[in-house]
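# Examining the three-dimensional arrangement
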Amino acid sequence: MLLPLLFTLDELISHGYLDELLSAENGTFLSSLMACLESEANGCSDVKRLLAIVTVALSLLRPHLETVDIVSFIKG
Amino acid sequence: MDSVDACLVHPKEEIQKSATKALNALLTYYFPVSVKGPSSRLQSRVVDKYISTVQTEDNPAATRGFSLALGSLPAKLLAPNCQILDSVINCLCIASKKTTLVGGEGDAETRRNAIISLVNVCTTVGIGKTSSSEVVTLPPIYRLRRKQTDQVCTALLEAMEDYNTDRRGDVGSWSRIAAMDGLESLSFLSIKATTTFPHSCGDLSSSETPFYVPAFQKRLDFLPTPLENVDSLSKTHKEERTVFFDEQLCSSVLCALMKQLAEKLDAVRCKAGECLERLLTSSSPRVPFVPYRRILVQALSLSSGQVTNWSDPALTFPLLMKTVNINDFAEPILSGIVVSVGGLTESVSKSSSTALFEWIRGLRSAKATSKLFRMGEGEFIMSITLQLIECSLYSSQYMFS
């Protein structure tokens, strides 16, 4: 169930359909999303899942969306 | 009986199915049951043995065969009293859970057979009290009560969330397909057993003769009891009120079917579409408590009378996304379509993503992004973390667009 969800997230983010959500002033969606991706990536040995998580994280890396959360996730 | 039992544990599914038919015929026409119920020897030889095998056996072939056999038993053995019926239903409900293991591993066929049997038990035994007009059966058969139907419904709704996979692929879909059939049958049985609403509804709009309500005095003539005795009448009427189908159950069944209609597998979508079509268009009995029935029927093109091929993704997803604006169904449809958009089948992924993106574009152009926010806050995060973060839906209400 998680893999299709990550693919869908990537599709939505890369097409810019979640821009309103991601750039919302309170930023709850973005920080929650990053927390979820981090918890899923921790201790995960499934290569396909890890690759999908990285793809979603990378698709969030855009100048107008870049936040401390994303940068710290990528560095970590 | 011994040779039939030996065939029930055969690894081949066709032989198991034939054995259950043989078992039903054998127990129906032989092994008579007295007014007091089955003898203790017959009881322990058949029902108790089958239940203990399903619960304790490590051989998957045995649990598959005996769980299927439990559903094919005649009513005289399944429900001579409340305790036996309870033990059969309990055993099958536990066997149908996605977490139940057989010999240390999950077994999709056992789960599917348990679901099929649960529904068969309900149809064989029946739901609700025996009405006085019916011929009293000998031996007596204890019908399902509200508590037991609730237990079966919960088991079927849980089975709709069975997404287990193994090397054969999405084996949980077998359980989901069986559960969809089961929920449809159980809904109709529950509606027929419920006495608090009318079971059929004539189409008043299409009738040629106008519909008039007679005057009060004329209607008084039809009263079986004078108005003075109305207190005692209402008391007896209250006693006869039996509710097996309510708003909550209707909503749960429809939401579960809607989610399956957005699924990636053609067979699952086809079954969900067919079940929904029958539930929404049936006039005798008519399914009550359907939220936004007219809009739902129109959106899914059920009123045109044309046969829809629900397994065709290019046809199903655009129809389905018309209903996503109904708040009751938004969450199940979105959680279903997420699986399809991210799926591996190109045709399903393409059709579903086109429908989803079109809906989002529509929301954005209508400046209704609060709905998108709801999707982000609720659906996606809930699916990702499932246990970590509680789903927090936005409380604001949206206009139906």
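What you see is a predicted model, and the numbers here were worked out from it, not measured in a lab. Starting from 1, residues in each chain are numbered consecutively following that chain's sequence as written. For naming, the first written chain is A and the first written ligand is 1, with later ones following in the order written. Under the rules for a predicted model, residues below a pLDDT of 70 receive no local features and side-chain atom pairs below 80 are neither given nor counted, while totals for whole chains, interfaces and linings still include all residues.

## Overview of the overall build of chain A
Here is the rule we go by: Each helix corresponds to a stretch of at least 4 residues labelled H or I by DSSP, and each strand to a stretch of at least 2 residues labelled E; elements are numbered beginning at the N terminus. Whether two residues are in contact depends on their C-beta atoms, placed from the backbone: they are in contact if these lie within 7 Å.
Along its length, chain A carries five helices and zero strands. Seen in sequence order, chain A has helices and strands lined up from the N terminus as α-α-α-α-α. Intrachain contacts of chain A at a sequence separation of at least 6 include 64% that bridge at least 24 residues.

## Comments concerning helix α2 (residues 13-29) of chain B
All names here are of chain B. In plain terms, the rule: What a helix should span is 1.5 Å times the count of its residues minus one. Residues with at least 20 other C-beta atoms within 10 Å of their own are called buried, those with 12 or fewer are called exposed, and the rest are partly exposed. The C-beta atoms themselves are positioned from the backbone. Comment: arc refers to directions from the helix axis out to C-beta atoms.
With 17 residues, α2 extends 25 Å from end C-alpha to end C-alpha; this agrees with the ideal 24 Å at 1.5 Å per step. Inspection of α2 places Gln16, Ala19, Thr20, Leu23 and Leu27 among the buried residues, and these make up the whole buried set. For α2, the buried positions fall inside an angular range of 105° around the axis, keeping them on one side. Those residues of α2 that are exposed and angled more than 90 degrees off the buried face are Glu14, Lys21 and Tyr29. Contacts made by the buried residues of α2 are with α1 (2-8), α4 (60-71) and α5 (75-78). Positioned one or two residues after α2, Phe31 has a phi angle of 50°, which is positive.

## Comments concerning the nonpolar core
Residues and elements named next belong to chain B. Note the threshold: Residues enter a nonpolar core if they are buried, belong to Ala, Val, Leu, Ile, Met, Phe, Trp, Tyr or Cys, and are joined to the set through C-beta atoms within 7 Å.
In this structure, Val88, Leu118, Cys122, Leu156 and Leu257 are the most contacted members of the largest nonpolar core, which totals 109 residues. Looking at this core element by element, the count peaks at ten residues for helix α9 (residues 172-193). Setting aside anything within four residues of it in sequence, one finds Val88 in contact with Val47, Ile51, Leu70, Leu78 and Val121.

## Description of the confidence of the model for chain A
Put simply, the rule reads: Scored from 0 to 100, pLDDT records how confident the predictor is in each individual residue.
Of all residues in chain A, 75% have pLDDT values of 70 or greater, and the mean over the chain is 78. Across chain A, the secondary-structure element scoring lowest on mean pLDDT is helix α5 (residues 68-75) of chain A, at 64, and the one scoring highest is helix α4 (residues 47-59) of chain A, at 89.

## So, the packing of helix α1 (residues 2-14) of chain A against α4(A)
Residues and elements named next belong to chain A. How we decide: Throughout, an axis means a line fitted to C-alpha atoms (over the contacting stretch in the case of helices), and angles, computed between N-to-C directions, take values from 0 to 180 degrees. By the definition adopted for this analysis, an angle is roughly parallel if under 35 degrees, roughly antiparallel if over 145, roughly perpendicular if from 65 to 115, and oblique otherwise. Here is the rule for handedness: rotate from the far helix to the near one, and if that takes an anticlockwise turn smaller than a right angle the crossing is left-handed, while a clockwise turn gives right-handed.
Packing of α1 against α4 leaves a shortest axis separation of 9 Å and a crossing angle of 20°. In terms of orientation, α1 lies roughly parallel with respect to α4. The two elements α1 and α4 cross, and the hand of that crossing is left-handed. Touching Leu2, Leu3, Leu6, Phe7, Leu9, Asp10, Ile13 and Ser14 of α1 are Lys48, Arg49, Ala52, Ile53, Thr55, Val56 and Ser59, all from α4.

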